[in-house]
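What the coordinates show
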Amino acid sequence: MRLIDGRAIAAGIAAENTAAVAELAATGVVPTLGIVVPTSDEATAWYVRSIQRAAAKVGVQTRVVQLSNPDRAEIVKQLADLSADPNVHGVICQTPLPDGVALEDVVAAIDPAKDVDGANPVSLGRLAAGLPTYSPATAAAVVEILRREEVPLAGRRAVVVGRSTVVGKPAALLLLAEHATVTVCHSRTQDLPAVCAEADVLVAAVGRAGLIGADYVKPGAVIIDVGTNPTPDGGLVGDVDAEAVKPRAGALTPVPGGVGPVTTMLLLRHTIQAATR
Ligand code: NAP
């Protein structure tokens, strides 16, 4: 089994992003990503810092709006204000949200033209309709990795485990747009291992450490592991039991160092595209 190097793929996208930022600089535009952080959660703070580091590397500016236990109206106001600011080109809202506030209650406040993580339902609707839009960066990373690894998709069986609005559903739509034959699985799917074992390309976006074992894998399958599950020692593991699938799988994205770094670079690519428009 080959391990797919997400960091190397991200480095390639970073070089493209840096060149695009330089072109924009000639027109006096500095692409800027606004990030509303409605939580003091440490994992979220770590993730925001990692976006800021990656952004600084390619010349994208970030503007972080840190909120302390905000209500729905405050989050909506900050997203709307960033959306209205002509010097901000991309707007994202971090999770988790405070108790009682649902993501779908706030993300409609992000202008679809600046919705670089495809969070506004308008963006997902446009994706479903096959219209130009920003896809959620994690779902986009799944397909970008497959494309850069030259994994054929047209006519092949893709199985996505997970049907969330942020990952599973948009990943399935993007694979469909690549002409794969797509099956979407979830917690009610019967005989999950047998369905997964039909996949030429298997995408795990569940949030259950080690769920995907050898019996889920068709020999030679390419597996994209989106899951990020914290371990007691402060590390991260994916949804795939890498040791168990090793003898059967053709290729696997590791966790960490797989989907994550590519996701961040695509978020920045979308921000640069929004600034270019
Ligand atoms: P989510 O909203 O909790 O969705 C999980 C999905 O998995 C749901 O559709 C759920 O089914 C399904 N599921 C749960 N248990 C299952 C089981 N035993 N068998 C089959 N399906 C099962 O999670 P998410 O936001 O999509 O995130 C998924 C994972 O990706 C998490 O580990 C998250 O941390 C990670 N993630 C990674 C990145 C990255 O950049 N690498 C970005 C975002 C998320 P139901 O719909 O039936 O409940």
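Residues numbered from 1 in each chain as written. Predicted model: local features only at pLDDT ≥ 70, side-chain atom pairs only at ≥ 80, totals over all residues. Heavy atoms only, no water.

A few words on the side chain of Asn-120. Tracing the backbone through its elements, the reader meets Asn-120 in the loop between helix 4 (103-106) and helix 5 (121-129). Residue classification places Asn-120 among the buried positions, given a relative accessible area of 4%. (Helix = DSSP H or I, 4+ residues; strand = E, 2+ residues; numbered from the N terminus. Buried < 20%, exposed > 50% of the residue type's maximum accessible area, 1.4 Å probe, protein only.)

Counting 55 residues, the largest nonpolar core has Leu-33, Leu-146, Leu-175 and Ile-224 as its most contacted members. Among the elements that line this core, the one with the most residues is helix 10 (residues 259-276), at 9 residues. A domain-level breakdown of this core finds at least three residues from each of domain 1 (28-111) and domain 2 (137-260). Filtering out sequence-adjacent residues up to four positions away, Leu-146 remains in contact with Val-151, Leu-153, Leu-175, Val-201, Val-222 and Ile-224. Counting 18 residues, the second-largest nonpolar core is a separate cluster that includes Tyr-216, Val-217, Ala-221 and Val-240. (Core = buried A, V, L, I, M, F, W, Y, C linked by side-chain atoms within 4.5 Å. Domains from an automatic or database assignment. Contact = heavy atoms within 4.5 Å.)

So, about the pairing of strand 8 (residues 222-225). For a regular strand, the rule is simple: side chains alternate between the two faces of the sheet. Here strand 8 shows two buried faces, one formed by Val-222 and Ile-224 and the other by Ile-223 and Asp-225. The sheet contact formed by strand 7 (residues 201-204) and strand 8 spans 4 bridges and is parallel. Within strand 8, the position partnered with Val-203 by the bridge is Ile-224. Of the strand pairs in this sheet, strand 8 and strand 11 (residues 251-252) are connected by 2 bridges, and their pairing is parallel. Counted as the bridge partner of Val-222 is Ala-251 from strand 11. (Pairing = 2+ DSSP bridges.)

Now for the sheet that holds strand 5 (residues 157-161). Strand order in the open sheet formed by 6 strands is 1-11-8-7-5-6, with parallel pairing between adjacent strands. Looking at the sheet topology across the chains shown, the edges are occupied by strand 1 (2-3) and strand 6 (181-185). Sheet analysis places strand 1 next to strand 11, joined by 2 bridges and oriented parallel. Bridge assignment links Arg-2 to a residue of strand 11, and that residue is Ala-251. In this fold helix 6 (residues 137-148) packs onto strand 7 and strand 8, with an angle of close to 145° to the strand it touches most, strand 8. (Axes fitted to C-alpha atoms, helices over the stretch in contact; angles between N-to-C directions.)

Inspection of the secondary structure puts Gln-94 in the loop between strand 4 (90-93) and helix 4. Aside from chain neighbours lying at most four places away, what touches Gln-94 is Ile-35, Val-36, Val-37, Pro-38, Thr-44, Tyr-47, Val-48 and Ile-51.

What surrounds the ligand is a group of 21 residues, the closest being Thr-138, Arg-163, Ser-164, Ser-187 and Thr-228. At 2.5 Å from an oxygen atom of the ligand is found a side-chain nitrogen or oxygen belonging to Ser-164. A distance of 3.3 Å is found between an oxygen atom of the ligand and a side-chain nitrogen or oxygen belonging to Thr-263. Relative to its free-state accessible area of 930 Å², the ligand is covered by the protein chains to the extent of 69%. Broken down by element, the shell around the ligand gets its largest block of residues, 3 residues, from helix 10. When the residues that make up the shell around the ligand are grouped by side-chain class, the tally is 8 nonpolar, 11 polar and 2 charged. (Near = heavy atom within 4 Å. Polar contact = N/O pair within 3.5 Å; in protein donor to acceptor, adjacent residues only side chain to side chain. Areas by Shrake-Rupley, 256 points an atom, 1.4 Å probe, with all protein chains shown as cover. Nonpolar A, V, L, I, M, F, W, Y, C, P; charged D, E, K, R; others polar.)

This next bit is on the environment of Arg-248. Its place among the elements puts Arg-248 in the loop between helix 9 (242-245) and strand 11. Along the backbone, Arg-248 and Val-88 are 160 residues apart, and their C-alpha atoms lie at a distance of 47 Å. Setting aside its immediate chain neighbours within four residues, Arg-248 contacts Ala-214, Val-217, Lys-218, Pro-219, Gly-220 and Ala-221.

Attention shifts here to the domain arrangement of the chain. Under the domain assignment, the chain is made up of domain 1 (28-111) and domain 2 (137-260). Each of domain 1 and domain 2 has a C-alpha centre, and the two are 28 Å apart.

Following both chains from N to C, one finds helix 6 and helix 10 inclined at 110°, their axes separated by 8 Å at the closest point. One finds that helix 6 runs roughly perpendicular with respect to helix 10. Along the contact surface, helix 6 presents Ala-137, Thr-138, Ala-140, Ala-141, Glu-144, Ile-145 and Arg-148, while helix 10 presents Val-259, Val-262, Thr-263, Leu-266, Leu-267 and Arg-269. Residues belonging to the contact of helix 6 with helix 10 are distributed by class as follows: 8 nonpolar, 2 polar and 3 charged. (Parallel < 35°, antiparallel > 145°, perpendicular 65-115°, else oblique.)

Attention now goes to helix 3 (residues 72-84). In this model, helix 3 (13 residues) spans 18 Å end to end at C-alpha, consistent with the 18 Å of a helix rising 1.5 Å per residue. Residues of helix 3 that are buried include every one of Ile-75, Gln-78, Leu-79, Leu-82 and Ser-83, and no others. Down the axis of helix 3, the buried side of the element spans an arc of 135°, and every buried residue falls inside it. (Expected span 1.5 Å × (residues − 1). Arc of directions from axis to C-beta.)

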